[in-house]
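# Breakdown of the fold
Listed below are the residues making up each chain.
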Amino acid sequence: MYKEMRRKEKAISKNEIEEVMSNAEYGILSTISEDGTPYGTPLNFAYTDDVIYFHSATEGHKIDNIRHGSSACFNVVDSVLLMPADFNTQYRSVTVFGRISIVDNDEEKRKGISAIADKLSPDFHKEGLEYIQRAFNDMHVLKLEVEHITGKATRG
């Protein structure tokens, strides 16, 4: 699952990849339109057990793309620090390739949306559960099953 990178000196460890995925607030999900056009969407997410969960509206370009094909890529960047005098940027990034689908099992859907709420609003667990209950039927939960993942960093 962890794929070797071309620039090995920039590769980060599995533990650091897990840290980026646990701490990053959002990433860009890329899907492919029916006409072959790539489409990137910034999304909040939760990463657990080699699966990335997203919440989504039930309609739209992203959903059309997922119904057309399951191939997807997800990019996350954190720890960004511009270094203007060095003409460089310090950062850590993770790239994930996998298959994306709409979760149709209510138990897994609740698991995914709860993981997102707990990650983004950890001090509001009760309120999060109430919100999920109210909005449950008006949202999709998407699941990206990780096929391979890489991480890299440029450090100062």
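Let me sum up the structure you'll find in this document. On a predicted model such as this, the values are computed, not experimentally measured, just so you know.

## Re the overall build of the protein
For the protein, the count of helices and strands is four helices and seven strands. What you see in the protein, going N to C, is helices and strands ordered as α-β-β-β-β-α-β-β-α-α-β. Taken over the C-alpha trace, the protein has a radius of gyration of 17 Å; the compact-globule value for 156 residues is 15 Å, and the two agree within 12%. With the C-alpha coordinates aligned to their principal axes, the bounding extent of the protein is approximately 50 × 45 × 30 Å. Taken as a whole, the protein presents about 9,300 Å² of accessible surface, with 48% of it coming from carbon and sulfur. Distance between charge centroids for the protein: 5 Å, based on 19 positive and 25 negative side chains.

## Quick word on the sheet that holds strand β2 (residues 38-43)
Pairing in this open sheet of seven strands is antiparallel, and the strands run β2-β1-β5-β6-β7-β4-β3 from one edge to the other. Edge positions in the sheet fall to β2 and β3 (46-48), since each has one partner strand and no second. Here the strands of the sheet are splayed against their neighbours by 30° on average, with no regard to which way each runs. As paired strands, strand β1 (residues 27-32) and strand β5 (residues 71-83) are joined by three bridges and run antiparallel to one another. Bridging from a neighbouring strand, Ile28 pairs with Asn75 of β5. Relative to strand β6 (residues 88-102), helix α1 (residues 14-23) is tilted by about 80°, and along the sheet it contacts β3, β4 (51-56), β5, β6 and β7 (140-154).

## Notes on the side chain of Thr95
Position of Thr95 among the secondary structure elements: in strand β6. Separated by 2.9 Å, the side chains of Thr95 and Asn75 make a polar contact. Once residues lying within four places of it in the same chain are set aside, the contact partners of Thr95 are Cys73, Phe74, Asn75, His148, Ile149 and Thr150.

## Overview of the layout of surface pockets
Volume-wise, the largest pocket comes out at about 220 Å³. For the largest pocket, the lining is made up of 14 residues, of which His55, Ile113, Ala117, Tyr131 and Ile132 are closest to its centre. Of all elements in the fold, only α3 (106-120) and α4 (125-135) reach the threshold of two or more residues within the lining of the largest pocket. In terms of residue class, the lining of the largest pocket is built from nine nonpolar, four polar and one charged.

## Some words on the pattern of salt bridges
Applying the stated criterion across every chain yields a total of seven salt bridges. The partner of Asp78 in a salt bridge is Arg92, and the shortest N-O contact between them spans 2.8 Å. Residue Asp78 is found in strand β5, and its partner Arg92 is found in strand β6; the two are separated by 14 residues along the sequence. On the basis of relative accessible area, Arg92 is assigned to the buried category, the value being 7%. Between Lys126 and Glu130 there is a salt bridge, and its shortest N-O distance comes to 3.4 Å. One end of the pair, Lys126, and the other, Glu130, are both in helix α4, four residues apart, so they sit about a helical turn from each other. On the basis of relative accessibility, which here comes to 60%, the residue Lys126 falls in the exposed class. Linked by salt bridges that have partners in common, Glu16, Glu19, Asp78 and Arg92 make up one network.

## Details of the pairing of β4
Consecutive side chains along a regular strand alternate between the two faces of the sheet. Within β4, five of the six residues are buried, leaving the element largely enclosed by the surrounding structure. Joining the antiparallel neighbours β3 and β4 is a turn of two residues, in which Asp49 adopts a positive phi near 50°.

## Section: α4
Because an α-helix packs 3.6 residues into every turn, residues spaced three or four apart end up facing the same way. All of the buried residues in α4 are Gly128, Ile132 and Ala135. Down the axis of α4, the smallest arc covering the buried residues is 80°, so these residues share one side. Of the exposed residues in α4, the ones pointing more than 90 degrees away from its buried face are Lys126, Gln133 and Arg134. If you follow the buried residues of α4, they end up packed against α3.

How each quantity is defined
- Residues numbered from 1 in each chain as written.
- Predicted model: local features only at pLDDT ≥ 70, side-chain atom pairs only at ≥ 80, totals over all residues.
- Heavy atoms only, no water.
- Helix = DSSP H or I, 4+ residues; strand = E, 2+ residues; numbered from the N terminus.
- Rg over C-alpha atoms; globule rule 2.2 N^0.38 Å.
- Areas by Shrake-Rupley, 256 points an atom, 1.4 Å probe, with all protein chains shown as cover.
- Lys, Arg positive; Asp, Glu negative; His and termini not counted.
- Charge placed at Lys NZ, Arg CZ, Asp CG, Glu CD.
- Pairing = 2+ DSSP bridges.
- Axes fitted to C-alpha atoms, helices over the stretch in contact; angles between N-to-C directions.
- Contact = heavy atoms within 4.5 Å.
- Polar contact = N/O pair within 3.5 Å; in protein donor to acceptor, adjacent residues only side chain to side chain.
- 1 Å grid on protein atoms, 1.4 Å probe; cavity = no way out; pocket = protein on both sides within 12 Å on 5 of 7 lines; lining within 4 Å.
- Points joined across faces, edges and corners; volume = space filled by probe spheres on them.
- Nonpolar A, V, L, I, M, F, W, Y, C, P; charged D, E, K, R; others polar.
- Salt bridge = Lys/Arg side-chain N within 4 Å of Asp/Glu carboxyl O.
- Buried < 20%, exposed > 50% of the residue type's maximum accessible area, 1.4 Å probe, protein only.
- Arc of directions from axis to C-beta.

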